[in-house]
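Coordinate analysis (summary)
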There are 2 protein chains.
Amino acid sequence: MANTNPARGMRDFLPSDVRKREYVIGIIKSVYQKYGFEPLETPSVENLETLMGKYGEEGNQLIFKILERGEKIQKKLAEGSIKSENELSDLALRYDLTVPLARVVANYKDKLPKFFKRYQIQPVWRADRPARGRFREFYQCDVDAIGSSSMVVEAELISAVSEILERLGFDDFLIHVNHRQILTSILNASGIPKDLHIETLVAIDKTDKIGMDGVVEELNKRDIPIENILRLVNFLLDTYKLKAERLKADTELFEAAKKAVEVSKNADEVKTIDEIVVNSPKTNDLVTERVLAFITGDNLGKNAIEDLRKILKITKKILERNRVFFNLSLARGLSYYTGAIFEIQVPDLAGSLGGGGRYDGLIGMFGKEQIPACGFSLGLERILVVMEERGMFPPELQTNSADVMVTIWNEESIAESLKLANELRSQDLRVLVYPEADKLGKQFKYAGQINVPFVCILGENELAENKVAVKNMVTGEQEIVDRQSVGEKVKSKK
Amino acid sequence: MANTNPARGMRDFLPSDVRKREYVIGIIKSVYQKYGFEPLETPSVENLETLMGKYGEEGNQLIFKILERGEKIQKKLAEGSIKSENELSDLALRYDLTVPLARVVANYKDKLPKFFKRYQIQPVWRADRPARGRFREFYQCDVDAIGSSSMVVEAELISAVSEILERLGFDDFLIHVNHRQILTSILNASGIPKDLHIETLVAIDKTDKIGMDGVVEELNKRDIPIENILRLVNFLLDTYKLKAERLKADTELFEAAKKAVEVSKNADEVKTIDEIVVNSPKTNDLVTERVLAFITGDNLGKNAIEDLRKILKITKKILERNRVFFNLSLARGLSYYTGAIFEIQVPDLAGSLGGGGRYDGLIGMFGKEQIPACGFSLGLERILVVMEERGMFPPELQTNSADVMVTIWNEESIAESLKLANELRSQDLRVLVYPEADKLGKQFKYAGQINVPFVCILGENELAENKVAVKNMVTGEQEIVDRQSVGEKVKSKK
């Protein structure tokens, strides 16, 4: 028998899943629109050359490639001349929403406003090994602001994303911030050769998994003098220790605060999460000072620290809660970031709910002009996982597919039943018609199975008198109602 | 320089495009929900084997295949042993929404209601030669009812689709109906061998393009006695002549009626489109009689005619206008149809706005059980093309991205400007912040370019007094307003 499962790493979304997804997407869209972002959609399939070389070596490997078609491929196969994958493919599936945006901005520059703010909510595909919470097709909810290198952009993005998460019901997320130029300056100050920066960052980003010994081991395989590796690693180790303590403190403080809010019956006694977090050690300032001392004399690095301080200062003023933290071990895998980088963390998820950053060089790879840009990507799938685990969906989402079901009395009255259904639909009710002239008992049984609250019967007597029998499936009561009052009765839910 | 166009046959949708698409999709969803259909989503990528052999030979050719990945493909390439495309691919892009639905129904049978009614609005991909209005990625808006072979299903589908088109503003569409079993019975009565039925239908479906001579030529290449070809062709020719006259009459009548409605100032004089169409020759009955005479003694054919008559009878009673017509030359390309088939036509489009039919055998190809099913697919792209050409979009869709723009006075007041923006957003206004502390003149100029109706200025004086200067960009007037009244002022649009 045929395999009826979705392909490996892919998922089917049944109606209750789709309703939850659309609920979250609806909130994301409405907040982005309030911030003046406009919708954009790009094709799922891009020219292979558009994607290659934009995501680093690991990214290249994970791109789904599409087989060439027709005579082209037939000829190559007949000749038996194919040596590499790239000769077989001209197209590929979208890997993220940022590279297509950069292509679009370069292509339609004259049609778009100077400060183009767009959101885009579409699936992307990665040929990753599927795992719990990791899929090969997943949605990204991206928001990007093009055309300005002002830190106002970063602050507004953080504000918008915070509002979305708060409106979804998250109260305990933190936004970790770092800056690619700060990382570069630290690598320079450590003496890591420029052409090994990306690989070094990739290694550092894996510290959580492989430990600092693992990082040293990976870096030692490259052509880097051991004293430079140690200079970098010792600086990071000291700062990580600080960060580790801080993070541990954050988590514990959050947990304590949540408990306090839950346990205390007396509102005055409750120390809010805000108060506790605000009073936690000021690691932001400590880390900033440490970095400035380490990269001494590096002006690009100093400017980056200035930018970071602006972001921290503005967001502290505009956010209702203190959520933004300088996290030096945040590196972000993608190779196109050039400035500030972000990641959203909640205590009960190992990965992040989303992330982003500034990529002032990417659009220039497609067009004549370098255009600054910065964006955020929310991971729909992870948001859904956490919301599911925490029971954060509103109960209305658990609704049935219909408010009322119309039965069919006999073959002759089919058109009348359908007419009644359409009358009720014109009053904005969701109406099912039982599709067959089955025994009435069978039709009622079905209505019970699918939890429809009301059932209408249009028998010969009712038809003759312009009435409808309406059965309340919860109470079991049945009532004869004027045909034009059926809608009202169903809406009253009595 | 890099190629920044979307890939061949693919499209980018800029904000104004997306707004139009979402407007149409919103109406489609809301009507389907009123009919009790529930949302379903399936992955873009299916196992290749799921799709192969479901769409006929032409369909197979047009499936986008995805290259295998990693070691598998490396090994095959190294061995140089690849002979056919199929050895290179394990996955493929979704070709329609019907085959994935059949797979889903077979896979989750126990989780779904007996009469599963679902809608699905997602893109599909076909490696067709791109042409005007034909794209390689396009959206389908599908609605299907699973589990019943009653003609109530067909009638409800026609009713739902008609309501959608009417709510979008279409007044002149016709729904052509035919039945695969009727076609089969006609081919049998003509003596066409069973194994050549599909190819014969494909040829007949092309009559518009290649003419009846072309059909005869195509059929003559196969192993069919010429007298059988002629028996079929003569029957069709006679019926087509009838149909051609009818269609010509329809079109002319519609045009005349539309003109009458437009020209006449006196409502009583207006012959409505309905009246005219209802009074046009009753070809439905004529064609039905002709077919019954031709297939004499074929019980399956007789039953199919009975089904068709039911659909015509019910829809005539429940639709406000007479729109459903028996069209014998309608064949539909896809091979999975088994019963009634539909297509929606408007006079100013060569193709159809959508189509569908009954496919009682498809789900059984995936599961143990044969489950009857019937559905309709609306072509979003074609609906959009016709709506654009006819100027059918409501003017509200041409809106700006924001209701108001907040300027930035200087570096120090950035956080205050962002705060004001957030205050206005909390009143459900769409608010842009100019991202840089540019000269005010430059900020106003930008506001003018993007057509924002109001601009807020928060200078030192205003900040000190808790006021905001609000400039109406249409009248040019500027007014000092209490900070908490800014939202009201913008909403009043004065």
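As a starting point, this report considers the structure included with it.

Quick notes on the rules
Each chain has its residues counted from 1, running along the sequence as written. Chains and ligands are labelled by the order in which they are written, letters from A for the one and numbers from 1 for the other. Two thresholds apply to this predicted model, a pLDDT of at least 70 for residue-level local features and 80 or more for giving and counting side-chain atom pairs, whereas whole-chain, interface and lining totals are computed over all residues. With hydrogens and water stripped out, all remaining heavy atoms of the structure feed into the side-chain values. Superposing the copies works by least squares over the C-alpha atoms of residues that have pLDDT at least 70 in both of them. Every residue pair with non-hydrogen atoms within 4.5 Å of one another is taken to be in contact. Nonpolar cores are built from buried Ala, Val, Leu, Ile, Met, Phe, Trp, Tyr and Cys residues. Side-chain atoms within 4.5 Å join them into one set. Only protein chains enter the accessibility calculation, which uses a 1.4 Å probe. A residue is then buried if its area is under 20% of the maximum for its type, exposed if over 50%, and partly exposed in between. By definition, any uninterrupted DSSP run of H or I lasting at least four residues is a helix, any uninterrupted run of E lasting at least two residues is a strand, and each is numbered from the N terminus. Here the rule is simple: two strands pair whenever DSSP picks up at least two bridges between them. Axes here mean lines fitted to C-alpha atoms, for a helix over just the part in contact, with angles spanning 0 to 180 degrees between N-to-C directions. When a carboxyl oxygen of Asp or Glu is within 4 Å of a side-chain nitrogen of Lys or Arg, the pair counts as a salt bridge.

A few points about the relation of the copies chain A and chain B
- You can overlay chain A on chain B at an RMSD of 0.1 Å; the transform is a turn of 180 degrees with a shift of 0.0 Å along its axis. Accordingly, the operation relating the two chain copies is best matched by a two-fold axis. Distance from the rotation axis, computed per C-alpha, reaches its smallest value in chain A at Ile-66 of chain A: 2.2 Å.
- The overlap is high: 100% of the interface residues of chain A also sit at the interface in chain B, so the same surface is used on both sides.

Re the nonpolar core
- If you look at the biggest cluster of nonpolar residues, it comprises 104 residues, and the most contacted ones within it are Tyr-32, Phe-170 and Val-291 of chain B.
- Looking at this core, the element that brings in the most residues is helix α6 (residues 151–168) of chain B, giving 9 residues.
- Ignoring sequence-local partners within four residues, the contact set of Phe-170 of chain B consists of Leu-165, Arg-323, Val-346, Leu-353, Ile-383, Val-386, Met-387, Arg-390 and Met-392 of chain B.
- If you look at the next biggest cluster of nonpolar residues, it comprises 103 residues, including Ile-204, Tyr-336, Tyr-337 and Leu-397 of chain A.

Quick notes on the sheet that holds strand β10 (residues 354–358) of chain A
Residue and element names in this part refer to chain A.
- Read across the sheet, 8 strands follow the order β1-β5-β6-β11-β10-β9-β7-β8 without closing on themselves; strand pairing throughout is mixed. Two strands in the sheet have a free side with no partner beyond their single neighbour: β1 (38–39) and β8 (324–326).
- Relative to strand β9 (residues 340–345), strand β7 (residues 174–179) runs antiparallel, the two being bridged by 6 bridges. Among the inter-strand pairings, Ile-175 is bridged to a residue of β9, identified as Ile-344.
- Strands in contact with helix α1 (residues 15–34) are β5 (116–125), β6 (137–146) and β11 (373–379); relative to β5, the strand with the most contacts, it is inclined by about 160 degrees.
- Lying over the sheet, helix α14 (residues 380–390) contacts β6 and β11, oriented at roughly 40 degrees with respect to β11.

A look at the pattern of salt bridges
- Following the criterion strictly, the structure yields 58 salt bridges over all chains and no others.
- The partner of Glu-388 of chain B in a salt bridge is Lys-20 of chain B, with the nearest N and O atoms 3.0 Å apart. Taken together, the residues span a long stretch of sequence, with Glu-388 of chain B in helix α14 (residues 380–390) and Lys-20 of chain B in helix α1 (residues 15–34) at a distance of 368 residues.
- With relative accessibility at 44%, the residue Glu-388 of chain B sits in the partly exposed group.
- The partner of Lys-442 of chain B in a salt bridge is Asp-438 of chain B, and the shortest N-O contact between them spans 3.7 Å.
- Lys-442 of chain B sits in the partly exposed class, given a relative accessible area of 45%.
- For Asp-438 of chain B, a relative accessible area of 19% translates into the label buried.
- Several salt bridges converge on common partners, so that one network encompasses Arg-11, Arg-21 and Glu-381 of chain A.

What about the sheet that holds strand β11 (residues 373–379) of chain B?
All names here are of chain B.
- On the basis of which strands lie adjacent, the open sheet formed by 8 strands has the order β1-β5-β6-β11-β10-β9-β7-β8 and mixed pairing. At either end of the open sheet lies a strand with only one pairing partner, and these are β1 (38–39) and β8 (324–326).
- Bridge analysis of strand β7 (residues 174–179) against β8 gives 3 bridges, and the strand direction is parallel. The residue of β8 that forms the bridge with Ile-175 is Val-324.

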